[in-house]
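Residue-level structural notes
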Amino acid sequence: STMRASFPPLSRGARTLASEAGRRSYDAVVCGAGIAGVSCAHYLARSGASVLLVDSRPPLSHTSSLSTECYRNFFPGSVPLTAFMQRSVDLLEARAAECDNAFGLNRRGYWFLSASEEGAAQHALALSDPGLASCGGVSHFSDASHGLRYRHDAPTGAAAAAAAGGGGGGGGDGPAAMLFSGREAVQAYVGSLPPFLAADASSLLVASRAGWMSAQQMGMELLSKARDAGAATLIPSSLQGVRTASDGQVEAALLSVPGESEPLEVRTGAVVNAAGPYAGVVDALLRGGGGEGGGGRELPLQNEVHAKAVLRDDLSAVPGDAPMVVWTDPVTLPWSEEEAEALLEIGGFEASLAGSLPGGFHLRPYPGKPHSLLMLWEAIHADVAVPREPPEEAELRGSLFAELTLRALSRAVPALGGYLGEDGSMTANVSVDGGYYSKAPDNLPLIGPAAGGPRGAYMCAGLSGYGIMAANAAGELLAKHVTGAPLPEAYAAGFLPERWESEEYRRGVESGAVGKGFQI
Ligand SMILES: Cc1cc2nc3c(=O)[nH]c(=O)nc-3n(C[C@H](O)[C@H](O)[C@H](O)COP(=O)(O)OP(=O)(O)OC[C@H]3O[C@@H](n4cnc5c(N)ncnc54)[C@H](O)[C@@H]3O)c2cc1C
């Protein structure tokens, strides 16, 4: 349109942009330029809506710059989350095909490993999971005759997805997962890599449609295509609230722009809260904007601290073409008797370290030179409380996190023990960073009209530990809500923020009657 063509390029400076933004109107203003907001802007612009994307920080610089950049369609225990991720991976592959895979999407898979009977039984639950059944099912092998070998260069199916228009299906190839039971079956599959895993691993569940990418480049790709389709950005600026008409409909977004004493009013009928860990704060701002349902109940959004460590793998403990490896058995760290007693005496978090700790620690090769590994373990921060408006920098317990994660991971990859000195000290070169998983108690996202807010207030938040992999389907779903397009039946209703207005739903989640999405 002529309006889009006359919108000034970024280089004219923020002041000019701000005055332009204040003079015209937009179909939607998206608050937050993390991966969620960028994807909302992308799919809104793609569907023909005019969009202004605002953030007080540079695009993709907050939580979205801190992730492990992994994806999977594997969410046993939640049919809607599985369908949603399946769609998101379809879209990821279609976006990769559009840019000659500039964001390096691979399909190395996730390996869930166990050396215990309980772990094997847990893995076997995948065989009867209804969500996985609907996207290719799980193949089961219990001896070495299967003839399947791990491939680090498995095709992503980008071409197949593009040919199919990016819609539906199982990505066109094979089962959602493979279960190898018994050491022979496991060894036959992993034998194409140099040995690096604990030899007693006796159950291997492979999530096939999984891998990683450069999340920054994926986000930049979505943002640049959004700009091509006419989306504008006003950065830095932050959403302060909305103005509503007497009938409770959003009329304008109120933005604070650096150097301006008065808030800038941008005319729009829709405001999207994609504020990541600040979504709870922004939700309260939007409710303050009045409207018929003004008020309502506070969203049960919580921020959890999660960290990752990057270790320089000078010992080549893990081959560079390995997949994502997740050890699912609980682990007891090898404390001396004295150390264990000392921990128990301290009490609280420290005491918990002396006992059996939940499994789920994972690692994968990290691209680049020198050869590095990325390591994660949820257990170290499980007890850290975060206020509703979280501090900019999360409390990471960095050196403790690195050392304990390394100790735990040496259960799965014995050669990592080479980085632990005889006195227990860590001899590795490790850096730690991290941020927040912003999540609802059911671990499902919040996408759709903001419950209790004015009409025209939407949200795309609560993306927990899966916001990178979910971003495309989340942005697409949000755009459908805003533009009034038909919604996907498999998951749209289950993700509506208004579910938390129901006392029955809240109680169901508390009692465990509502299935939670799988977290790793
Ligand atoms: C250690 C770790 C590992 C992870 N690993 C993975 C992984 O492997 N795969 C995966 O899929 N996900 C992973 N995640 C999760 C993923 O990183 C998040 O779900 C995702 O980045 C959330 O994106 P977002 O856009 O919602 O939030 P953010 O990236 O935090 O963006 C929110 C933006 O909103 C802006 N904002 C806030 N308030 C305002 C306001 N009032 N006005 C304007 N702007 C505002 C902020 O400045 C910020 O830029 C991981 C997360 C962590 C912490």
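Residues numbered from 1 in each chain as written. Predicted model: local features only at pLDDT ≥ 70, side-chain atom pairs only at ≥ 80, totals over all residues. Heavy atoms only, no water.

This part is about the overall build of the protein. Helices and strands together make up the secondary structure of the protein, namely 15 helices and 23 strands. Over its C-alpha atoms the protein spans a radius of gyration of 24 Å, differing by no more than 12% from the 24 Å that the globule rule assigns to 520 residues. On the principal axes, the C-alpha backbone points of the protein span a range of 65 × 55 × 50 Å. Across the 520 residues of the protein, 54% fall into the buried class. Look at the contacts in the protein between residues 6 or more apart in sequence, and 75% of them connect residues 24 or more apart. Split by element, the accessible area of the protein, about 20700 Å² in all, is 52% carbon and sulfur. (Helix = DSSP H or I, 4+ residues; strand = E, 2+ residues; numbered from the N terminus. Rg over C-alpha atoms; globule rule 2.2 N^0.38 Å. Buried < 20%, exposed > 50% of the residue type's maximum accessible area, 1.4 Å probe, protein only. Contact = heavy atoms within 4.5 Å. Areas by Shrake-Rupley, 256 points an atom, 1.4 Å probe, with all protein chains shown as cover.)

At a closest axis distance of 7 Å, the pairing of helix H3 (residues 35–46) and helix H14 (residues 467–483) adopts a crossing angle of 45°. Between H3 and H14, the interaxial angle falls into the category oblique. Crossing of H3 against H14: the hand is right-handed. Across the interface between the two elements, Ile-35, Ser-39, Cys-40, Tyr-43 and Leu-44 of H3 pack against Gly-467, Ile-468, Ala-471, Asn-472, Gly-475, Glu-476, Leu-478, Ala-479, Val-482 and Thr-483 of H14. For the contact of H3 with H14, a count of residues per class yields nine nonpolar, five polar and one charged. (Axes fitted to C-alpha atoms, helices over the stretch in contact; angles between N-to-C directions. Parallel < 35°, antiparallel > 145°, perpendicular 65-115°, else oblique. Left-handed = near helix turned anticlockwise from the far one by under 90°. Nonpolar A, V, L, I, M, F, W, Y, C, P; charged D, E, K, R; others polar.)

Here we come to H3. If you check H3, its first and last C-alpha atoms are 16 Å apart, about what twelve residues at 1.5 Å a residue would give, namely 16 Å. A large share of H3 lies buried, amounting to eleven of its twelve residues. Listed as buried for H3 are Ile-35, Ala-36, Gly-37, Val-38, Ser-39, Cys-40, Ala-41, His-42, Tyr-43, Leu-44 and Ala-45. Looking one or two places after H3, you find Gly-48, whose phi comes out positive at around 100°. (Expected span 1.5 Å × (residues − 1).)

Across the sheet, six strands lie side by side as E10-E3-E2-E14-E23-E22; this open sheet has mixed pairing. Only two strands of the sheet have a single partner each, and these edge strands are strand E10 (232–234) and strand E22 (446–449). The average undirected angle you get between the axes of adjacent strands in this sheet is 20°. Pairing of strand E14 (residues 271–273) with strand E23 (residues 457–461) involves three bridges; the strand directions are parallel. For Val-272, the partnering residue across the bridge sits in E23 and is Tyr-458. Relative to the sheet, H3 contacts strand E2 (28–31), strand E3 (51–54), E14 and E23, its axis offset from that of E3 by approximately 170°. The sheet strands contacting helix H10 (residues 279–288) are E2, E14 and E23, and the helix crosses E14 at an angle near 150°. (Pairing = 2+ DSSP bridges.)

Around the ligand, 37 residues are found, and the nearest of them are Asp-55, Arg-57, Thr-63, Ser-64 and Thr-68. Ala-36 is positioned such that a nitrogen or oxygen atom in its backbone is 3.0 Å from an oxygen atom of the ligand. Contact distances for the ligand include 2.6 Å between an oxygen atom and a side-chain N or O atom of Ser-64. Protein chains shield 96% of the accessible area of the ligand, which is 1000 Å² for the free molecule. Contributions of two or more residues to the shell around the ligand are made by H3, strand E11 (238–244), strand E15 (302–312), strand E21 (430–439) and H14. Classifying every residue of the shell around the ligand by side-chain character gives 18 nonpolar, 16 polar and three charged. (Near = heavy atom within 4 Å. Polar contact = N/O pair within 3.5 Å; in protein donor to acceptor, adjacent residues only side chain to side chain.)

Bringing the confidence of the model for the protein into the picture now. With 91% of its residues at a pLDDT of 70 or more, the protein has an overall mean of 89. Note that residues 1–12 has pLDDT below 50 and, in this model, 16 contacts with residues that lie over four places away or in other chains. (pLDDT = per-residue confidence, 0-100.)

Let us look at the nonpolar core. Leu-44, Phe-84, Tyr-110 and Leu-478 are the most contacted members of the largest nonpolar core, which totals 83 residues. In terms of residue count, the dominant contributor to this core is H14 (ten residues). For Leu-44, the contacting residues outside a window of four places in its chain are Ala-28, Val-30, Ala-49, Val-51, Leu-478, Ala-479, Val-482 and Thr-483. Among the nonpolar cores identified, the runner-up in size contains 54 residues, and Leu-193, Val-318, Leu-363 and Leu-396 belong to it. (Core = buried A, V, L, I, M, F, W, Y, C linked by side-chain atoms within 4.5 Å.)

We now examine unusual backbone geometry. Cis peptide bonds are those with omega within 30 degrees of zero, and the linkage from Ile-235 to Pro-236 qualifies with 5°. Going from Lys-369 to Pro-370, the amide bond is cis rather than trans, its omega being -5°. For Pro-370, the location among the structural elements is in the loop between strand E19 (361–366) and strand E20 (372–376). Despite not being glycine, Glu-69 shows a phi value in the positive range, around 65°. Looking at where Glu-69 falls in the secondary structure, it is placed in the loop between E3 and strand E4 (70–72).

On to the pattern of salt bridges, then. Inspection of every chain in the model, using the stated rule, returns 22 salt bridges. The residue Glu-251 makes a salt bridge to Arg-243 at a minimum N-O spacing of 2.6 Å. The shortest N-O distance in the salt bridge between Asp-442 and Arg-499 comes to 2.7 Å. A residue pair is termed long-range when its members are at least 10 positions apart, and Asp-442 in the loop between E21 and E22 and Arg-499 in the loop between H14 and helix H15 (503–511) qualify at 57 residues. Each member of the pair Asp-442 and Arg-499 is classed as buried. Residues joined in a network through salt bridges with shared partners are Asp-90, Glu-93, Arg-107 and Arg-209. (Salt bridge = Lys/Arg side-chain N within 4 Å of Asp/Glu carboxyl O.)

Most of E23 is tucked away, with five of its five residues classed as buried. By the alternation rule, side chains of E23 split into Ala-457, Met-459 and Ala-461 and Tyr-458 and Cys-460, which are all buried.

Next up on the list: the domain arrangement of the protein. Here the domain parsing of the protein yields domain 1 (2–67 + 217–301 + 441–511) and domain 2 (308–410 + 423–437). Using C-alpha coordinates to define each centre, domain 1 is positioned 34 Å away from domain 2. Across the boundary between the two partners, domain 1 contributes 14 residues, which contact eleven residues of domain 2. Taken together, both faces of the contact between domain 1 and domain 2 bury some 1100 Å²; the carbon and sulfur share is 52%. Glu-298 is paired through a salt bridge with Arg-388; the nearest N and O atoms lie 3.8 Å apart. (Domains from an automatic or database assignment. Buried area = accessible area lost by both parts, 1.4 Å probe.)

Where burial is concerned, the two faces of E3 agree: the one with Val-51 and Leu-53 and the one with Leu-52 and Val-54 are both buried. Both E2 and E3 contribute to a ladder of four bridges, which runs parallel. Among the inter-strand pairings, Cys-31 is bridged to a residue of E3, identified as Val-54. Each parallel crossover has a hand, and for E2 linked through H3 to E3 it is right-handed. Two strands pair when backbone bridges link them, and E3 and E10 are joined in this way by three bridges, in the parallel orientation. Following the sheet pairing, Leu-52 is matched in E10 by Ala-232. (Right-handed = clockwise from strand over helix to strand, strands pointing away.)

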